[in-house]
Amino acid sequence: MSDVIFEQAPMKLITRFTLGDNVSLVTFPVGNPPVSYRLEAKIVETNDNNFVGEVTKVEPVGRDSFEQHHFHLGGHVEFQAENILGNAP
């Protein structure tokens, strides 16, 4: 999964994220039909400001009922520090 599908956070966070941190991400519309997602992911790999996270929560944005998801629990996503919107619970 490419980091270009994630929106950039409106403000740069001063927090340094490390292995095991839970973070929140939002995607640009992906798939067919195009849907944005709010993801929560646990960081499982890090290299400078590049991360790999295991998806722990998937929520389609703006869709009440949607059967076909582009992301799945346990899947992995790649992203950069600038894509992290904040800590996830």
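Colleague: Looking at this model, I keep getting lost on the pattern of salt bridges. Mind explaining?
Modeller: Where side chains of opposite charge bring their charged atoms close, a pairing between them can arise. According to the stated counting rule, one finds three salt bridges in the structure shown. Among the salt bridges present, the one from Arg38 reaches Glu59, with a minimum N-O distance of 3.6 Å. With Arg38 in strand S2 (residues 36-47) and Glu59 in strand S3 (residues 50-61), this residue pair connects regions lying 21 residues apart in the sequence. The partly exposed category is assigned to Glu59, whose relative accessible area is 31%. Here Lys57 ties to Glu59 by a salt bridge, and the two come within 3.2 Å at their closest N and O atoms. The class of Lys57 is partly exposed, set by a relative accessible area of 34%. Where salt bridges share partners, they join Arg38, Glu40, Lys57 and Glu59 into one cluster.

Colleague: How should I be thinking about the pairing of strand S4 (residues 76-80) in this particular structure?
Modeller: Every other side chain in a regular strand lies on the same face of the sheet, so the side chains alternate between the two faces. Covered by surrounding structure in S4 are Val77 and Phe79 only, the residues His76, Glu78 and Gln80 on the alternate face being uncovered. In terms of strand pairing, S3 meets S4 through five bridges, oriented antiparallel. Each residue of the ladder has a partner; that of Gly53, found in S4, is Val77.

Colleague: Just to check I follow, could you spell out the environment of Gly31 for this structure?
Modeller: Note on placement: Gly31 falls in the loop between strand S1 (22-26) and S2. As a C-alpha pair, Gly31 and His69 span 38 residues in sequence and 8.3 Å in three-dimensional space.

Colleague: Sorry, what's going on with the packing of aromatic side chains here?
Modeller: Two aromatic rings, taken as a pair, are described by how far apart their centres are and by the angle between their planes. For the coordinates displayed, the defined rule picks out two aromatic pairs. Ring geometry for Tyr37 against Phe71: centres 5.2 Å apart, planes inclined by 80 degrees, an arrangement best described as edge-to-face. Here the residue Tyr37 occupies a position in strand S2, and Phe71 occupies one in the loop between S3 and S4, the gap between them amounting to 34 residues. Taking relative accessible area as the criterion, Tyr37 reaches 1% and is therefore assigned buried. Look at Phe71 and you get buried, because its relative accessible area is 5%. Taking the centre distance of 5.7 Å and the plane angle of 25 degrees together, the rings of Phe51 and Phe79 count as stacked. Residue Phe51 is found in strand S3, and its partner Phe79 is found in strand S4; the two are separated by 28 residues along the sequence. In this structure, Phe51 and Phe79 share a single accessibility class: buried.

Colleague: Sorry if this is basic, but what is going on with unusual backbone geometry here?
Modeller: Of all residues except glycine, most have a negative phi; of all peptide bonds, most are trans. In this model, Asp48 sits at a positive phi of 60 degrees, which is unusual for a non-glycine residue. Its location among the elements puts Asp48 in the loop between S2 and S3.

What counts and how
- Residues numbered from 1 in each chain as written.
- Predicted model: local features only at pLDDT ≥ 70, side-chain atom pairs only at ≥ 80, totals over all residues.
- Heavy atoms only, no water.
- Salt bridge = Lys/Arg side-chain N within 4 Å of Asp/Glu carboxyl O.
- Helix = DSSP H or I, 4+ residues; strand = E, 2+ residues; numbered from the N terminus.
- Buried < 20%, exposed > 50% of the residue type's maximum accessible area, 1.4 Å probe, protein only.
- Pairing = 2+ DSSP bridges.
- Phe/Tyr/Trp six-rings, centres within 6.5 Å; stacked < 30°, edge-to-face > 60°.

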